[in-house]
Amino acid sequence: MTAEVSKAYLREATTGLVKEAEVWDSIVEQHLVDWETEWKPYRDMILQAHRAAGVSLLKWPQSRHWDWRNKYQCVQGMLSTPSFAVMCSGMTEGLMLLDLSLHRCQLPEQKGKHLVYVDFLEVAPWNWKTSIGHSPRYAGVGSLLLRAAIERSLEEGFKGRVGLHALPQANSWYGKLGMIDFGPDSSKSNLHYFEMPLDKIDSFIGKDG
Amino acid sequence: MASAKKTMTLNLTDAEMSALEALSDKKDLNKTSILRQALRLYQVIEARLEKGDKLYFEDDKTKEKAEVVML
Amino acid sequence: MKIKYSEAWCLKMADLELGNEVGAGVFGLAQNVAKDAEYPTMHSSTIPFGRFVKLMRRNKRLTIEKLAEDADIDLDELIEIEDNAGHVPEPRTVYQLAQFFEVPTNNLMQVAGLSSTRDERLVNESMKFAARSDTLAPLSPEEKAALEAFVSILGRK
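Residues numbered from 1 in each chain as written. Chains lettered and ligands numbered in written order. Predicted model: local features only at pLDDT ≥ 70, side-chain atom pairs only at ≥ 80, totals over all residues. Heavy atoms only, no water.

### Focus on the overall build of chain A
For clarity, the threshold we go by: Secondary structure counts use DSSP, requiring at least four H or I residues in a row for a helix and at least two E residues in a row for a strand, with both numbered from the N terminus. For each residue, the accessible area found with a 1.4 Å probe, counting protein chains only, is set against the maximum for its type, and the residue is called buried under 20%, exposed over 50%, and partly exposed in between. Here a residue-residue contact requires only that any non-hydrogen atoms of the pair lie within 4.5 Å.
Looking only at helices and strands, one finds five helices and nine strands in chain A. The order of α-helices and β-strands along chain A, N terminus first, is β-β-α-α-β-β-β-β-α-β-α-β-β-α. Counting every position in chain A, which comprises 209 residues, the buried fraction comes to 59%. The contacts of chain A with a sequence gap of at least 6 include a subset with a gap of at least 24, amounting to 60%.

### Topic: the environment of Lys129 of chain A
Put simply, the test is: Any pair of N or O atoms that falls within 3.5 Å is considered a polar contact. Within protein, one atom must be able to donate a hydrogen and the other to accept it, and sequence-neighbouring residues count only if both atoms are side-chain atoms.
Mapped onto the fold, Lys129 of chain A is located in the loop between strand S5 (116-123) and strand S6 (138-139). We classify Lys129 of chain A as buried; its relative accessible area is 13%. Residues Lys129 of chain A and Ala139 of chain A, ten residues apart in the sequence, show an inter-C-alpha distance of 9.0 Å. In contact with Lys129 of chain A, not counting residues within four places along its chain, are Pro136 and Tyr138 of chain A together with Glu17, Gly19, Asn20 and Glu21 of chain C. Among the polar contacts made by the side chain of Lys129 of chain A, one reaches the main-chain carbonyl oxygen of Asn127 of chain A at a distance of 3.2 Å. Here Asn20 of chain C takes part through its backbone oxygen, which lies 3.2 Å from a polar atom of the side chain of Lys129 of chain A.

### Here we look at the interface of chain C and chain A
This is how the line gets drawn: What gets called buried area is simply the loss in accessible area from a 1.4 Å probe that two parts show on being joined, summed for both. Counted as salt bridges are all cases of a side-chain nitrogen of Lys or Arg within 4 Å of a carboxyl oxygen of Asp or Glu. Amino acids are sorted into nonpolar (Ala, Val, Leu, Ile, Met, Phe, Trp, Tyr, Cys and Pro), charged (Asp, Glu, Lys and Arg) and polar (every other residue, Gly among them).
Chain C puts 44 residues into the contact, and the matching count from chain A is 72 residues. Between chain C and chain A, roughly 5200 Å² of surface is buried when both sides are summed, and carbon and sulfur atoms account for 58% of that area. Counting across the interface, chain C meets chain A through two salt bridges. Put simply, Lys129 of chain A and Glu17 of chain C hold a salt bridge, and the shortest N to O gap is 4.0 Å. On inspection of chain C and its partner chain A, the count reaches 19 residue pairs in polar contact (both at pLDDT 80 or more). Among the elements of the structure, helix H1 (7-17), helix H2 (30-35) and helix H6 (91-101) of chain C are those that each provide at least two residues to the side of chain C that touches chain A. With ten residues, the single largest contributor to the side of chain C that touches chain A is H1 of chain C. Class assignment of the residues belonging to the side of chain C that touches chain A gives a composition of 21 nonpolar, ten polar and 13 charged.

### Regarding the pattern of salt bridges
What the rule picks out here adds up to 20 salt bridges over all chains. Put simply, Glu20 of chain A and Lys7 of chain A hold a salt bridge, and the shortest N to O gap is 3.6 Å. On the criterion of sequence distance, the pair formed by Glu20 of chain A in strand S2 (residues 18-24) and Lys7 of chain A in strand S1 (residues 5-12) is long-range, its members being 13 residues apart. Given a relative accessible area of 47%, Lys7 of chain A falls into the partly exposed group. Notably, a salt bridge pairs Glu155 of chain A with Arg152 of chain A, separated by 3.7 Å at the nearest N-O pair. With a gap of three residues between them, Glu155 of chain A and Arg152 of chain A both fall in helix H3 (residues 141-155), about one helical turn apart. Taking relative accessible area as the criterion, Arg152 of chain A reaches 13% and is therefore assigned buried. Connected through shared salt-bridge partners, Arg152, Glu155 and Glu156 of chain A together with Arg36 and Arg40 of chain B make up one network.

### Digging into helix H5 (residues 75-83) of chain C
All names here are of chain C. Which entries qualify depends on this criterion: Starting at the helix axis, one direction is taken to each C-beta atom, and the arc is that of these directions.
Those residues of H5 that fall on the buried side of the exposure criterion are Glu77, Leu78, Ile81 and Glu82. Along the axis of H5, the buried positions cluster into a sector of 130°, meaning they face one direction only. Contacts from the buried residues of H5 go to helix H3 (47-59), helix H4 (64-70) and H6.

### Concerning the sheet that holds strand S4 (residues 91-99) of chain A
All names here are of chain A. Our working definition: By the convention used here, strands pair only if DSSP detects at least 2 bridges between them. What counts as an axis is a line fitted to C-alpha atoms, over the stretch in contact for a helix, and the angles between N-to-C directions run from 0 to 180 degrees.
Judged by pairing direction, the sheet is mixed, and its nine strands sit side by side in the order S6-S1-S2-S3-S4-S5-S7-S9-S8 without closing on themselves. The outermost strands of the open sheet, each flanked by one partner alone, are S6 and strand S8 (180-185). In this sheet, S6 lies alongside S1 in antiparallel orientation, the contact comprising two bridges. Among the inter-strand pairings, Glu12 is bridged to a residue of S6, identified as Tyr138. Across the face of the sheet, helix H1 (residues 29-52) comes into contact with S2, strand S3 (83-88), S4 and S5 while running at roughly 120° to S4. Most of the contacts of H3 go to S5, to which it runs at about 160°, and overall it touches S1, S2, S3, S4, S5, S6 and strand S7 (162-166).

### Focus on the packing of aromatic side chains
For any pair of aromatic rings, the description consists of the separation of the ring centres together with the inter-plane angle of the planes. Our working definition: A pair of aromatic rings is counted whenever rings of Phe, Tyr or Trp (Trp by its six-membered ring) have centres within 6.5 Å, and the orientation is called stacked for planes under 30 degrees apart, edge-to-face for over 60 and tilted otherwise. Think of it as a cone above the ring: NZ of Lys or CZ of Arg counts as a charge over the ring if it is within 6 Å of the ring centre and within 35 degrees of the ring normal.
On inspection of all chains with the given rule, the structure shows eleven aromatic pairs over all chains. Aromatic pair Phe204 of chain A and Trp9 of chain C: ring centres 5.5 Å apart, planes at 85°, arrangement edge-to-face. Taken together, the positions of Phe204 of chain A in helix H5 (residues 198-205) and Trp9 of chain C in helix H1 put the pair across two chains. Residue Phe204 of chain A shares its accessibility class with Trp9 of chain C, and that shared class is buried. One aromatic cluster in this structure is built from Phe52, Phe100, Phe101, Phe129 and Phe150 of chain C. Just above the ring of Trp9 of chain C sits the side chain of Arg147 of chain A; from NZ or CZ to the centre is 4.6 Å. Sitting over the face of the ring of Phe100 of chain C, Lys60 of chain C holds its NZ or CZ atom 5.6 Å from the ring centroid.

### Here's the deal with the environment of Leu98 of chain A
With respect to the helices and strands, Leu98 of chain A occurs in strand S4. If near-sequence neighbours (up to four positions away) are discounted, Leu98 of chain A is found in contact with Ser80, Thr81, Pro82, Phe84, Val116, Tyr117, Val118, Asp119, Ala149 and Arg152 of chain A.

### With respect to the environment of Val5 of chain A
For Val5 of chain A, the position within the fold is in strand S1. Accessibility expressed as a relative area gives 25% for Val5 of chain A, which makes it partly exposed. Expressed as a C-alpha distance, the spacing of Val5 of chain A and Ala85 of chain A, which sit 80 residues apart in the sequence, is 9.5 Å. Apart from residues no more than four positions distant in its own chain, Val5 of chain A is found in contact with Glu22, Val23 and Trp24 of chain A together with Lys2 of chain C.

Okay, structure coming up:
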């Protein structure tokens with residue numbers, strides 16, 4: 001299985017420079033290797049910094065438990081769970097898993113309709129914004145991935161409808177994008193469920209300028 | 001994965017075609033999208049059953065569960 | 001699938017995204033927590049926490065399932081907490097249990113090893129409590145007394 005690659009751009013946060021990036025429409029072995037050999041050690045370094053600084057666990061990076069290889073192996077070959085990856089300068093910068101079958105829209109005007117559910121979305125730990133002990137490297141990875149989810153939804157005939165459970169530290173971001181916040185979902189560790197209304201889909205992908 | 005698509009001809013009875021059209025109307029999806037969605041669901045259910053999971057329907061009011069027996 | 005990202009769109013979004021976390025998806029799934037051996041911890045043992053939860057539950061005559069349901073926590077994690085001394089609980093779970101058992105969250109967080117503050121007295125009392133309580137036997141008057149004494153210590157600020 002080969003992935004198709006789309007060209008995109010990221011902002012290097014430290015220098016302000018524009019960097020060419022790639023959005024892959026499937027996670028491949030190389031991305032998992034990057035996760036194991038680059039993401040994990042960096043993540044551990046950040047966690048050590050949090051520990052050394054005595055930061056309350058409640059404020060630690062909230063995706064620290066995720067195991068991408070394990071997750072990917074569980075869904076490999078399944079049509080209902082496409083995956084995406086963002087790469088820049090040969091390094092994996094973000095990973096995402098979608099689900100096309102098991103979730104339906106919650107918004108009253110589109111209730112029960114099919115949507116693309118973002119099962120997992122994570123950026124490389126050096127891009128984490130609220131962690132201590134480092135300056136985030138790239139900005140824009142999360143947007144490229146969310147855009148890919150919306151494009152997949154359009155391709156499936158789901159009209160761009162997307163939903164997700166945001167990590168608490170990301171609630172403000174998805175609110176800023178105009179997604180509707182359904183509040184804490186007790187069936188999902190009280191993460192807030194967000195769904196994008198149709199008019200915000202157009203403005204997000206830039207159709208209305 | 002690369003999205004090069006293959007075309008096939010599907011022979012459906014009138015009843016099957018009208019069921020497909022009804023679903024297509026109800027879900028606001030074209031017929032191809034409905035069939036793609038059906039295939040995905042079928043694959044998910046089959047994979048879960050192979051793992052030893054069971055499929056249940058739950059009555060919303062009585063909370064009664066009935067196992068869907070899949071052969 | 002091919003996606004047309006324009007440079008202008010990418011940079012507009014990148015600048016908007018700057019300073020925001022973007023992660024999504026349910027975290028801390030049981031399968032991952034169990035594997036997270038490298039997870040850095042701030043404590044040497046969560047035995048007192050597991051004992052505390054188990055005895056409080058038995059004292060209220062609740063099954064594990066019922067406690068998980070009533071306190072709105074994952075069944076898998078509750079089992080880990082009670083039976084796996086090395087398990088580091090999720091902060092949310094400890095919070096929910098503190099609410100349910102009506103003890104101060106901060107103190108329970110510390111007993112669970114999730115707080116960077118370290119109150120030596122509470123640590124000592126926790127270990128004494130763990131030593132005095134036997135989780136295998138039915139809740140004896142002694143266990144009950146040990147539990148009640150520990151609850152009163154937890155309750156003191």
